Amino acid sequence: MADLLLTHGYFLYEDPKEMQIMKPYAPLGILYLCSHLRQNGFDVDVFDTTFSSRTALFHHLQSETPGVLGIYANLMTRANAVEIMGVARQAGWRVIVGGPEPGAYAQEYLEAGAEFVVFGEGEATMQELLTALREHPDALAWRSKIAGVAYLDDSGRFHQNPPRGQIADLDAQPWPARHAIDLHRYVDTWREHHGQGSVNFITARGCPYKCRWCSHQVYGQTHRRRNPIKVVDELEWLLTEYTPDIAWVSDDVFTINHQWIRQYAAEMHRRGLHIPFECISRADRLNEEMLDLLAELGCFRIWIGSESGSQRLLDSMDRGVKVEQVQRAVAMSRARNIQSGMFLMWGYEGEEMQDIEATIDHVRKAQPDIFFTTVSYPIKGTPYYSEIQSKLVQLKPWGQSSDREIKIQGRHSRDYYAHADKLLRAEVQLARLAQSNSNDPSDLHQLKMQIATARQGLAATATEVEA
Ligand code: B12
Ligand code: SF4
């Protein structure tokens, strides 16, 4: 029996939408935990659920000698994590949960079966927890002394210990334990469905910006970067070990530190390394020089969080970005053959019809290569959540739902936003058609019809609000 079994509740083959997308990435959080703990003398196994099944995981939990199980949970995987906890507890496992969601719902996770909820970075806390569990598995007087955990005491009372400081030197940490999972399968899955195999890695932890809807549960408002030379070492190893065709830099904002990007690019150049990659950034952290460097490094797509085309709304989100900066960033990317992707949000607090029009106008003008829209949802622990908390109605029991299935009283109906979405898509398409000088009258007619229908839909549902 290992000292710890790590898992996560993401089952790719159970998710029809994800199966269409088929772009799986390795669960870096638990792989970082695994390498750290192994380096410190613990025997750690990983049960990677991505390509596996609930049945196989449950069978494993029920047939192996029970020990300590660590589960990663995020907003999307809560229900699975809760179910895994139940099965594990029943089979005699001691359960610890961590990741971006459990800290925001510590009491709920504990009441659902976790013995400890770990807040923030898990490496040092898990090391201490495992040591204490090994030395004193039953006499739990040490519980109150471990920083960064919450637990229920013997009478069921909730306790949360003071937070733990963050890892001071990320470069002293081992790379994620990619050998603990079948990473080749991730690369092969990508290659099979998209013609190119992909791998992910991170160059930093945390984001100092304050967008009100964004979760800072794990890293707070801090930002720590790895030494660029060490990142290139890891990437060079990844290229040799897994021969990917492309990569995904899983950072919150890759181009936050321009000096860092210069050093990274210089080291990649010095070693003659080149890999096409995509990453996320912010419009205000992109300029001509950065985009030149990104293009030289092989960036083929950059995700520029945009959220809204209404400056008033962007300001109310504390986004810290101007609409014009986003327009410019998309144009500068296009000039270098870097595709741009935008995330957009409908229904943020205070959004009116003129804000929706501003968003449509913005995307129509900017013409990003891809854009995704979401009807905004409040993640527990964020300022946005606190701001609208009194209007939130849980639609399903906590353990079977997510923060995406919360109703916001007084907000427009889902139908309203569906019409807004159709209008956006048709308007952007119409602008594309005009730019391409195509004058196929049937396309034009169809798009104009779609626009008229969406506008009618918006008008018809404008007074419908969630009760
Ligand atoms: C890259 C990324 C993605 C990629 C995933 C691809 C990939 N794997 O690289 C894509 C774009 C697909 C994605 C999608 C989504 N994402 Co995302 N994503 C991220 C991002 C930027 C990096 C993840 C990462 O690699 N982190 C680095 C590792 C080292 O950190 P970590 O996972 O947190 O692990 C540490 C701790 O959490 C802890 N820990 C982790 N596991 C465990 C387990 C135990 C037992 C313990 C004790 C501790 C512990 O220790 C680890 C090491 O210190 C994070 C933000 C962030 N910076 O973390 C958001 C983030 C995780 N995503 C988020 C969201 C909301 C989503 C989506 C729902 C968005 C959407 N609307 O569709 C989807 C959901 C996808 C899904 N099915 O799960 C939120 C989650 C919020 C929440 N409360 O759960 C985050 C935090 C962004 C944010 N700031 O709001 N995402
Ligand atoms: S949305 Fe992006 S820029 Fe804003 S706080 Fe979150 S990670 Fe940082």
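Rules of the game
Residues numbered from 1 in each chain as written. Chains lettered and ligands numbered in written order. Predicted model: local features only at pLDDT ≥ 70, side-chain atom pairs only at ≥ 80, totals over all residues. Heavy atoms only, no water. Helix = DSSP H or I, 4+ residues; strand = E, 2+ residues; numbered from the N terminus. Buried < 20%, exposed > 50% of the residue type's maximum accessible area, 1.4 Å probe, protein only. Contact = heavy atoms within 4.5 Å. Axes fitted to C-alpha atoms, helices over the stretch in contact; angles between N-to-C directions. Parallel < 35°, antiparallel > 145°, perpendicular 65-115°, else oblique. Left-handed = near helix turned anticlockwise from the far one by under 90°. Nonpolar A, V, L, I, M, F, W, Y, C, P; charged D, E, K, R; others polar. Expected span 1.5 Å × (residues − 1). Arc of directions from axis to C-beta. Salt bridge = Lys/Arg side-chain N within 4 Å of Asp/Glu carboxyl O. Near = heavy atom within 4 Å. Polar contact = N/O pair within 3.5 Å; in protein donor to acceptor, adjacent residues only side chain to side chain. Lys, Arg positive; Asp, Glu negative; His and termini not counted. Pairing = 2+ DSSP bridges. Domains from an automatic or database assignment. Buried area = accessible area lost by both parts, 1.4 Å probe.

S.K.: Explain the environment of Lys-210 here, please?
M.R.: By the secondary structure assignment, Lys-210 is in the loop between β9 (204–205) and β10 (224–225). Note on Lys-210: relative accessible area 54%, which makes it exposed. The spacing of Lys-210 and Asp-443 is 233 residues in sequence and 42 Å in space, taken between C-alpha atoms. In contact with Lys-210, not counting residues within four places along its chain, are Gln-221, Met-317 and Asp-318.

S.K.: How should I be thinking about the packing of helix α13 (residues 353–366) against helix α15 (residues 414–435) in this particular structure?
M.R.: Each pair of packed helices can be summarised by the angle the axes make with each other and by the distance between the axes. At a closest axis distance of 9 Å, the pairing of α13 and α15 adopts a crossing angle of 30 degrees. Taken together, the axes of α13 and α15 are roughly parallel relative to one another. Regarding α13 and α15, the two cross each other, and that crossing is right-handed. On the side of α13, the interface is formed by Met-353, Ile-356, Thr-359, Ile-360, Val-363 and Arg-364, while α15 contributes Tyr-416, Ala-420, Leu-423, Leu-424, Glu-427, Val-428 and Ala-431. Here the contact of α13 with α15 is built from residues that sort into 10 nonpolar, one polar and two charged.

S.K.: Please explain α13 as it appears in this structure.
M.R.: Think of an α-helix as turning once every 3.6 residues; residues three or four places apart then point the same way. If you check α13, its first and last C-alpha atoms are 20 Å apart, about what 14 residues at 1.5 Å a residue would give, namely 20 Å. Every buried residue of α13 is accounted for by Asp-355, Ile-356, Thr-359, Ile-360, His-362, Val-363 and Ala-366. Relative to the axis of α13, the buried residues are bounded by an arc of 160 degrees and lie together on one face. Turned more than 90 degrees from where α13 packs its buried face, Gln-354 and Lys-365 sit exposed. Check the buried side of α13 and you find it contacts β13 (299–307), α11 (311–316), α12 (323–335), β14 (339–346), β15 (370–375) and α15.

S.K.: Which parts of the structure should I look at to understand the pattern of salt bridges?
M.R.: Pairing of side chains with opposite charge becomes possible as their charged atoms draw close. For the structure on display, the rule yields 36 salt bridges. With a shortest N-O distance of 2.6 Å, Arg-336 and Asp-292 are connected by a salt bridge. Taken as a pair, Arg-336 in the loop between α12 and β14 and Asp-292 in helix α10 (residues 288–297) lie far apart in primary sequence, 44 residues in all. On the accessibility criterion, Asp-292 (40% relative accessible area) is partly exposed.

S.K.: Would you mind going over the site of ligand 1 with me for this structure?
M.R.: What surrounds ligand 1 is a group of 38 residues, the closest being Leu-75, Glu-123, Ser-215, Tyr-219 and Ser-250. In the model, an oxygen atom of ligand 1 is placed 3.2 Å from a nitrogen or oxygen of the Asn-74 side chain. At 2.8 Å from a nitrogen atom of ligand 1 is found a main-chain nitrogen or oxygen belonging to Ser-215. Taken together, the elements giving at least two residues each to the shell around ligand 1 come down to α2 (28–39), β3 (68–72), β4 (94–98) and α6 (123–135). A per-element tally of the shell around ligand 1 places α2 first, with five residues.

S.K.: Explain the side chain of Asp-48 here, please?
M.R.: Topologically, Asp-48 is positioned in the loop between β2 (44–47) and α3 (54–63). For the buried Asp-48, which has no salt bridge, the nearest side chain bearing the opposite charge is Arg-185, at an N-O separation of 8.4 Å. A polar contact of 3.1 Å, which involves the side chain of Asp-48, links it to the side chain of Thr-50. A polar contact is formed between the side chain of Asp-48 and the side chain of Tyr-186, at a distance of 2.6 Å. Dropping the residues within four chain positions of it, Asp-48 is found in contact with His-8, Pro-27, Ile-181 and Tyr-186.

S.K.: I tried to follow unusual backbone geometry on my own but got confused; where do I start?
M.R.: With glycine set apart, most residues show a phi of negative sign, and most peptide bonds adopt trans. For Glu-307, which is not a glycine, the phi torsion comes out positive at approximately 75 degrees. In this fold, Glu-307 is placed in strand β13. Not every positive phi belongs to a glycine, and Asp-318 is a case in point at roughly 55 degrees. Judged by its relative accessible area of 40%, Asp-318 falls in the partly exposed class.

S.K.: How do you make sense of the sheet that holds strand β1 (residues 4–8) when you look at a structure like this?
M.R.: What links the strands of a sheet is backbone hydrogen bonding, and the strands pair in either a parallel or an antiparallel sense. Pairing is mixed in the open sheet, where seven strands are placed in the order β2-β1-β3-β4-β5-β6-β7. Of all the strands in the sheet, just β2 and β7 (158–160) have a single pairing partner and so form its edges. Neighbour-to-neighbour, the strand axes of this sheet turn through a mean angle of 20 degrees, independent of strand direction. Alignment of β3 against β4, held across five bridges, turns out to be parallel.

S.K.: Explanation requested: the site of ligand 2 in the structure shown.
M.R.: Near ligand 2, the surroundings consist of Cys-207, Tyr-209, Cys-211, Trp-213, Cys-214, His-216, Asp-252, Val-253, Arg-282 and Arg-319. Split by residue class, the shell around ligand 2 holds six nonpolar, one polar and three charged.

S.K.: What exactly am I supposed to notice about the domain arrangement of the protein chain here?
M.R.: A common way to express how large an interface is: the accessible area buried when the components associate. Here the protein chain is described as being made up of domain 1 (4–160) and domain 2 (176–383). Taken residue by residue, the interface counts 28 residues in domain 1 and 31 residues in domain 2. Between domain 1 and domain 2, the buried area comes to about 2700 Å², and carbon and sulfur atoms account for 62% of it. For domain 1, the biggest contributors to the area lost against domain 2 are Tyr-25, Tyr-32 and Phe-51; these three give 25% of the whole. A salt bridge links Glu-123 to Arg-205; its shortest N-O distance comes to 3.0 Å. Remark: the boundary between domain 1 and domain 2 carries 13 residue pairs in polar contact (both at pLDDT 80 or more). Here the element with the most residues in the side of domain 1 that touches domain 2 is α2; it accounts for six residues. Per-class residue counts for the side of domain 1 that touches domain 2 are 18 nonpolar, five polar and five charged.

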